[in-house]
Amino acid sequence: MKILVTGGAGYIGSHTVLLLLTNGFEVVVLDNLMNASIESIRRVEHLTGKKVSFIKGDIQDKTALTSLFNEHAIDAVIHFAALKAVGESSTIPLEYYQNNVHGTLCLLEVMANLNINHFIFSSSATVYGGENAVPYEESMPLGEASSPYGASKVMIERVLKDLAQSNLDFRAVCLRYFNPIGAHESGQIGEDPKGIPNNLLPYVAQVAVGKRERLQVFGDDYSTQDGTCERDYLHVMDLAEGHVAAVNWLQKNSEFTGVEAFNLGTGKAVSVLSIIKAFEQASQQKVPYTIAPRRHGDLPAFWANAEKANKQLGWRATRDLTQMMTDTWRWQSNNPEGYPK
Ligand code: NAD
Ligand code: UFG
């Protein structure tokens, strides 16, 4: 099978491409490199001994997409390409809707024209909003997105549903990720955020490696066990395995029509302070921190009910918190400046 991976040079994309290759899939990557380095693809090729067809291009470029699909007989598309900074999305909402929503519409339109009907979408736990009770289950109604980024995910899930209703050949999976962290165990590929990291783990890792002075813990007065926010962190290689499971599921269940959503998480919530402690243990480095005010828009705690993915996809997260921390540290200490610029 040949898979098109949009955004395949990025953090989750590169780990998924690696696993697709080791599972015998052929992979074409389309990425405009706005938030990634081609070095990730080179390293994936080196680690697997396999070749990736890489195309530098934008999902909004329908001409480029059409020639890509004409050149490669694509069986399924895994769609990672998006802008993903929650805070930034409130500052430049139009860019987010343009890139994420319009970009996805372009991709789906070209796919429809060429009768390519298998689609796996990078959705997010953020689609549950703040209204639903935890743990989140797929049967819950989608919530009120708290940011343009979140809204772009909710909109695309809706588009997929409508498209599947209009075309019974179209079959899609929405994978709702919780909090992916960690890196491939080789320490050669990992998360390489541009500028100041928005997310917890890259920030912690940069403090540990001496690139930043101290972490700010956003709020310690939440109604959680230690007062800091709790999240469902999962290893990026477990997440990558979830994508392979989803491709196989679509392939096997040929009678399935429509869109199916799956939570990909561990089912466990871990606090910010517990993350710091686990990281210090795994890395044997100190992570100085100060307690800062709450970050606008943060929910106190959310985690997944991941039973549906387990039952239907045969997927479960198997890597524990120690491994998530050890692998993050291996990547960060081997590549203190990220990929060579
Ligand atoms: P990332 O920024 O590392 O990867 C996204 C990739 O898409 C980048 O390589 C970027 O260059 C590329 N890209 C962006 N816009 C493009 C466009 N118009 N055309 C072509 N390429 C484009 O982010 P990631 O963490 O790997 O996230 C991948 C997906 O997973 C995104 O859709 C994101 O919203 C979703 N997601 C991520 C998280 C997380 O915590 N990392 C959580 C939930 C969902
Ligand atoms: N945090 C800090 N200090 C930091 C960064 C984060 O204390 O410097 C805290 C946050 O307040 C939050 C927790 O660490 O309590 C996790 O924050 P992240 O930014 O790492 O993750 P979020 O849960 O806020 O958001 C992530 C992704 C979103 C996605 C969401 C749900 O960034 O894209 O998970 O999947 F929508």
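It should be noted that the structure appears before, not after, this text.
Residues numbered from 1 in each chain as written. Chains lettered and ligands numbered in written order. Predicted model: local features only at pLDDT ≥ 70, side-chain atom pairs only at ≥ 80, totals over all residues. Heavy atoms only, no water.

1. Quick look at the site of ligand 1
For clarity, the cut-off: Nearness is defined per residue: one heavy atom within 4 Å of the molecule or strand is enough. Here a polar contact is recorded for every N or O atom pair within 3.5 Å, except that within protein the pair must consist of a potential hydrogen donor and a potential acceptor, and residues adjacent in sequence are included only if both atoms are side-chain atoms. Surface exposure here means Shrake-Rupley accessible area, sampled with a 1.4 Å probe, where a residue is shielded only by the protein chains that are shown. Under the DSSP-based scheme used, a helix requires at least four consecutive residues in state H or I and a strand at least two consecutive residues in state E, with every element numbered from the N terminus.
Close to ligand 1 lie 26 residues, the nearest being D31, N35, F80, N99 and Y149. The contact in question runs from an oxygen atom of ligand 1 to an N or O atom on the backbone of Y11, over 2.8 Å. In the environment of ligand 1, an oxygen atom lies 2.8 Å from a nitrogen or oxygen atom belonging to the backbone of I12. Taken by itself ligand 1 offers 820 Å² of open surface, and the protein chains cover 95% of this. Residue assignment for the shell around ligand 1 shows that the elements contributing at least two residues are helix 1 (11–22), strand 5 (118–124) and helix 6 (148–166).

2. As for the packing of aromatic side chains
Here is the rule: Classification of ring pairs rests on two measures: the distance between centres of Phe, Tyr or Trp rings, Trp counted by its six-membered ring, which must be within 6.5 Å, and the angle between planes, read as stacked under 30 degrees, edge-to-face over 60 and tilted in between. Relative accessibility thresholds used throughout: buried, under 20% of the residue-type maximum; exposed, over 50%; partly exposed, between the two (1.4 Å probe, protein chains only).
Summed over the entire model, instances satisfying the criterion amount to nine aromatic pairs. Measuring from centroid to centroid gives 6.2 Å for F119 and F170, while their planes differ by 35°, and the two rings are tilted. You can see F119 sitting in strand 5 and its partner F170 sitting in the loop between helix 6 and strand 6 (171–177), a full 51 residues away along the chain. When its relative accessible area of 0% is taken as the criterion, F119 is described as buried. Note on F170: relative accessible area 3%, which makes it buried.

3. Observations concerning the pairing of strand 5
On any regular strand, side chains alternate: one points to one face of the sheet, the next to the other face. We apply this condition: Strands pair, by our definition, only if DSSP identifies at least two bridges between them. Looking down the strands as they point away from you, a crossover is right-handed if its path from the first strand over the helix to the second goes clockwise.
Burial of strand 5 is extensive: seven of the seven residues sit out of reach of the surface. Of the two faces of strand 5, the one lined by H118, I120, S122 and S124 and the one lined by F119, F121 and S123 are each fully buried. Sheet analysis places strand 4 (residues 76–79) next to strand 5, joined by three bridges and oriented parallel. Bridge assignment links V77 to a residue of strand 5, and that residue is F119. Judged from the seven bridges that link them, strand 5 and strand 6 form a sheet pairing that is parallel. Among the inter-strand pairings, F121 is bridged to a residue of strand 6, identified as C174. Where the polypeptide runs from strand 5 across helix 6 and back to strand 6, its parallel neighbour, the crossover connection is right-handed.

4. Looking at empty space enclosed by the protein
Convention followed: The rule is simple: put a 1 Å grid over the protein atoms alone, call a set of points where a 1.4 Å probe fits but cannot get out a cavity, call an open set with protein on both sides within 12 Å along at least five of seven lines a pocket, and count a residue as lining if it has an atom within 4 Å of a point. Grid points are joined across faces, edges and corners, and a volume is the space filled by probe spheres set on the points. All amino acids are sorted into three groups, where Ala, Val, Leu, Ile, Met, Phe, Trp, Tyr, Cys and Pro are nonpolar, Asp, Glu, Lys and Arg are charged, and the leftover types, Gly among them, are polar.
Scanning the entire structure with this criterion turns up three cavities of 30 Å³ or more. Taken as a whole, the largest cavity encloses approximately 70 Å³ of empty space. What lines the largest cavity is Y11, I181, G182, A183, E191, L201, P202, A205, T328, W331 and Q332. Going through the elements one at a time, helix 7 (200–208) and helix 11 (321–334) are the ones with two or more residues in the lining of the largest cavity. Forming the walls of the second largest cavity are H79, F80, A81, A82, N100, T104, F121, K153 and I156. Of all the secondary structure elements, the ones that give two or more residues to the lining of the second largest cavity are helix 5 (93–113) and helix 6. Classifying every residue of the lining of the second largest cavity gives five nonpolar, three polar and one charged.

5. Some details on unusual backbone geometry
Put simply, V134 and P135 share a cis peptide bond, and its omega is -5°. Its location among the elements puts P135 in the loop between strand 5 and helix 6. Of note in the backbone geometry, L33 takes a positive phi value of approximately 60° without being a glycine. Inspection of the secondary structure assignment puts L33 in the loop between strand 2 (26–31) and helix 2 (38–48). Look at Q284: it is not a glycine, yet its phi comes out positive at around 60°. Assignment of secondary structure puts Q284 in the loop between helix 9 (272–283) and strand 13 (289–292). Taking the relative accessible area as the measure of exposure, Q284 reaches 65% and is therefore exposed.

6. Observations regarding the side chain of S152
Definition in use: Working rule for contacts: check all heavy atoms of both residues, and any pair within 4.5 Å makes them a contact.
Position of S152 relative to the elements: it lies in helix 6. Within the structure, the side chain of S152 is placed 3.3 Å from the side chain of N100, a separation counted as a polar contact. Excluding its chain neighbours within four sequence positions, the residues that come into contact with S152 are Y97, N100 and V101.

7. Some points on the pattern of salt bridges
Rule in force here: Salt bridges, as used here, are contacts in which a Lys or Arg side-chain nitrogen is within 4 Å of a carboxyl oxygen on Asp or Glu.
Under the counting rule described, the total for this entry stands at 18 salt bridges. For K341, the salt bridge identified is with D192, shortest N-O distance 3.4 Å. On the criterion of sequence distance, the pair formed by K341 in the segment after helix 11 and D192 in the loop between strand 7 (179–181) and helix 7 is long-range, its members being 149 residues apart. One salt-bridge network, held together by shared partners, links E39, R42 and R43.

8. Section: the sheet that holds strand 3 (residues 53–56)
Inclusion rule: Helix axes are fitted to C-alpha atoms over the stretch in contact, other axes to C-alpha atoms as well, and angles between N-to-C directions run from 0 to 180 degrees.
Reading across the sheet, the seven strands line up as 3-2-1-4-5-6-11 and stay open at both edges, with parallel pairing between neighbours. Looking at strand neighbours, the two that pair on one side only are strand 3 and strand 11 (258–264), the edges of this open sheet. Taking each pair of neighbouring strands and ignoring which way they run, the sheet shows an average axis angle of 20°. Sheet topology places strand 6 next to strand 11; seven bridges connect them, and they run parallel. If you follow Y177 over to strand 11, its bridge partner there is L264.

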